[in-house]
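Chain by chain, the residues:
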Amino acid sequence: MKAKKTLAGLALVGAIALTTAGCAGGGSTAGGGGDDKVITVGFAQTGSESGWRSANTESMKTAFSEANGFNLVFNAADNKPEAQIAAVRSFINQGVDAIVLAPIVTDGWDDVLKEAKDANIPVILEDRTVSASEDLYASWVGLDFEKEGETAGKWVADNFGKTPTNLVVLEGTTGSSAATDRATGFNDAIKGTDITVLDSQTGNFTRAEGKTVMEGFLQKYGSQINLLFAHNDDMGLGALDAIKAAGLKPGTDIKIVTIDAVKDGMTALADGEFNYIVECNPLLGEKVAEVVKKVVAGESVDKQYIVEDQAFDQEQAKAALPDRKY
Ligand code: GYE
């Protein structure tokens, strides 16, 4: 699914709605399906692969608190699609009121989403998307990954597109909408420039794999590499170690562009080791909780809510870092 529209000021909207909901939720389980019934939510998280993911999990746990009227059943699937499908199936068997799913990969959801629908349990997607039919879930709260990739690609094209430049790419988890859409946006933006993609491999959004794959790139191409695009900060941070170990200077000998803008990434950018970061906002919890409350109450919601992202160069990172919340 591709993002179709943007909702600005989302954090504020979500914050207001949550405060109101928090007041109404007294934690009582009194019958009648009124506002004060505790809502049991099963949340199937991808795993804990990155700083973005940690911030997202924390945001979700804060929003789905008891004080806000929720009973949260949390599962992190260690980035194993089969384990995540099993977690959703177990939420269905437990008879939760709603399921929130951050799908690791796009494909393979049709059967279990149909099972949830047959059991009358609404599913709300957060973060990534699925290829299953839209009528199998109530809503999606997420980011425009293709636009993130395009923003990164435009910066690369503007700064390096007119001289022969060799690029390597660390891709996110294969089959995830975050990786697929970022690649599409980026590749479209660098089309027709003087940039050559020497290599592109997955580092699964983790620091450890980012480092290993970058070591391989360096062994193979050495100082031919001018530029690295990493689909997230963590892989870029792992690559820093590999680049330094090879005797090269990150940010200077090899320019680095990443996505996420978590604190460690922003610190590397402010320190001159990264060159540009496109933000991906992980603080989706309040909006997701607001949507879940509405869906469970039978109120109508939009099919998708897209959170806006910005981008940072080194100077902008220095200015933004002191107030960065994650
Ligand atoms: O960029 C990465 C995480 O799906 C947007 O997943 C998310 C991505 C994020 O592991 O750091």
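Residues numbered from 1 in each chain as written. Predicted model: local features only at pLDDT ≥ 70, side-chain atom pairs only at ≥ 80, totals over all residues. Heavy atoms only, no water.

Draft legend 1. Seen up close, the sheet that holds strand β10 (residues 276-279). One open sheet accounts for 6 strands, arranged β7-β6-β8-β9-β10-β12; its pairing is mixed. The open sheet has two free edges, formed respectively by β7 (195-202) and β12 (311-313), since each of these has just one partner strand. When strand polarity is set aside, the average angle formed by the axes of neighbouring strands in this sheet is 15°. Relative to β7, strand β6 (residues 165-171) runs parallel, the two sharing 7 bridges. Each bridged residue has a counterpart across the sheet, and for E171 the counterpart in β7 is T202. Along the sheet, helix α8 (residues 233-245) makes contact with β6, β8 (227-230), β9 (255-260) and β10, crossing β9 at roughly 155°. (Pairing = 2+ DSSP bridges. Helix = DSSP H or I, 4+ residues; strand = E, 2+ residues; numbered from the N terminus. Axes fitted to C-alpha atoms, helices over the stretch in contact; angles between N-to-C directions. Contact = heavy atoms within 4.5 Å.)

Draft legend 2. Region of the structure containing the site of the ligand. Around the ligand, the structure places 13 residues, and the nearest of them are E49, D127, R128, N232 and D260. N232 is positioned such that a nitrogen or oxygen atom in its side chain is 2.9 Å from an oxygen atom of the ligand. Contact between the ligand and D260: an oxygen atom at 2.6 Å from a side-chain N or O atom of the residue. Relative to its free-state accessible area of 300 Å², the ligand is covered by the protein chains to the extent of 100%. Sorting the residues of the shell around the ligand by element identifies α2 (51-63) and α6 (177-190) as the ones contributing at least two each. Residue classes in the shell around the ligand are distributed as 5 nonpolar, 2 polar and 6 charged. (Near = heavy atom within 4 Å. Polar contact = N/O pair within 3.5 Å; in protein donor to acceptor, adjacent residues only side chain to side chain. Areas by Shrake-Rupley, 256 points an atom, 1.4 Å probe, with all protein chains shown as cover. Nonpolar A, V, L, I, M, F, W, Y, C, P; charged D, E, K, R; others polar.)

Draft legend 3. Here's a closer look at the side chain of S59. Looking at where S59 falls in the secondary structure, it is placed in helix α2. With near-sequence residues (within four places) excluded, S59 lies in contact with P282, L283, L284 and G285.

Draft legend 4. Examining the nonpolar core more closely. Formed by 74 residues in total, the largest nonpolar core has its most connected members in F64, V100, M214, M266, V288 and V292. For this core, the element with the most residues is α8, which contributes 6 residues. Setting aside residues no more than four positions away along its own chain, M214 makes contact with V168, L170, I225, L228, A239, A242, I243 and I254. Counting residues in hydrophobic clusters, the runner-up holds 21 residues, among them I99, V112, A116 and W140. (Core = buried A, V, L, I, M, F, W, Y, C linked by side-chain atoms within 4.5 Å. Buried < 20%, exposed > 50% of the residue type's maximum accessible area, 1.4 Å probe, protein only.)

Draft legend 5. Inspection of the pattern of salt bridges at higher detail. Evaluated as defined, the whole model comprises 22 salt bridges. Among the salt bridges present, the one from D199 reaches K220, with a minimum N-O distance of 3.8 Å. Of the two residues, D199 sits in strand β7 while K220 sits in helix α7 (residues 207-221), which places them 21 residues apart along the sequence. On the basis of relative accessibility, which here comes to 58%, the residue K220 falls in the exposed class. (Salt bridge = Lys/Arg side-chain N within 4 Å of Asp/Glu carboxyl O.)

Draft legend 6. Local environment of unusual backbone geometry. Of note, the phi angle at D127 is positive, near 70°, even though the residue is not glycine. Within the secondary structure layout, D127 lies in strand β4 (residues 123-127). The phi angle at D260 is positive, at roughly 135°, despite the residue not being glycine. Tracing the backbone through its elements, the reader meets D260 in strand β9. For D260, a relative accessible area of 3% puts it in the buried group.

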